[in-house]
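Inside the fold
Here are the chains, one letter per residue:
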Amino acid sequence: MRIIKASKIEGVKIVGSASEDEIHEKALEMIAWAKKRRNPTALGLAACQVGIFERFFVAKIKGTWGVFINPVYKPLSCRYLSTQMCIEECLSYRGEKYAVRRYVKIFAAASGYRTVLNGIDAIVFQHETDHCNGITIKMIGVRR
Ligand SMILES: [Zn+2]
């Protein structure tokens, strides 16, 4: 498994046709691969990054790796701070860092999954869901 060229995932429209069983099989390979990544350590990997044009990602959320199919999120209101600037890296842009504005607290949903996330979990979920929507940190962030 290898990361495909970043230009191939920017703005990509994904029309998935795989069954959930097929996705789970691919997701297990992606998780095994992502767990071995160092510098930077991978916290998530979207299918499109490895040439699988289905709308899902794998990520370590709340301390556990899982697969998130057809992910969506929406911001939840916070008393003092709704968004924050985050310095993010991406396996598709090795050695580059981007400042990206992210919601602090989100409602996150995917097939069979609904929860409230904040902190690093919210950042990872937004980053990977954006990949599924053809959006990368290079498109929405500022290079650092
Ligand atoms: Zn990424």
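These notes cover the structure that comes with them. (Residues numbered from 1 in each chain as written. Predicted model: local features only at pLDDT ≥ 70, side-chain atom pairs only at ≥ 80, totals over all residues.)

**With respect to the sheet that holds strand S8 (residues 113-118)**
Across the sheet, 3 strands lie side by side as S4-S7-S8; this open sheet has antiparallel pairing. Strand pairing shows two members of the sheet lacking a second neighbour, strand S4 (72-75) and S8, which therefore form its edges. Here the average twist between neighbouring strands, direction ignored, is 20°. Judged from the 4 bridges that link them, S4 and strand S7 (residues 105-110) form a sheet pairing that is antiparallel. Across the sheet, valine 72 pairs through a bridge with alanine 109, a residue of S7. Contacts from helix H2 (residues 119-132) reach S4, S7 and S8 within the one sheet, and its direction differs from that of S8 by about 120°. (Pairing = 2+ DSSP bridges. Helix = DSSP H or I, 4+ residues; strand = E, 2+ residues; numbered from the N terminus. Axes fitted to C-alpha atoms, helices over the stretch in contact; angles between N-to-C directions. Contact = placed C-beta atoms within 7 Å.)

**Description of the sheet that holds strand S2 (residues 56-61)**
Strand order in this open sheet of 3 strands is S1-S2-S3, and the pairing throughout is antiparallel. Two strands in the sheet have a free side with no partner beyond their single neighbour: strand S1 (44-46) and strand S3 (64-69). The sheet shows a mean angle of 15° between the axes of neighbouring strands, taken without regard to direction. Across 3 bridges, S1 lies against S2 in antiparallel orientation.

**Quick look at the pairing of S8**
Relative to S8, S7 runs antiparallel, the two sharing 6 bridges. Bridge pairing in S8 links isoleucine 106 to leucine 117. In this antiparallel pair of consecutive strands, S7 and S8, the connection spans 2 residues, and glycine 112 shows a positive phi of 75°.

**Some remarks on helix H1 (residues 20-35)**
Taking 1.5 Å per residue as the helical rise, H1 with its 16 residues ought to reach 22 Å, and the 22 Å between its terminal C-alpha atoms agrees with that figure. Next to the buried residues of H1 lie S1, S2 and S3. (Expected span 1.5 Å × (residues − 1).)

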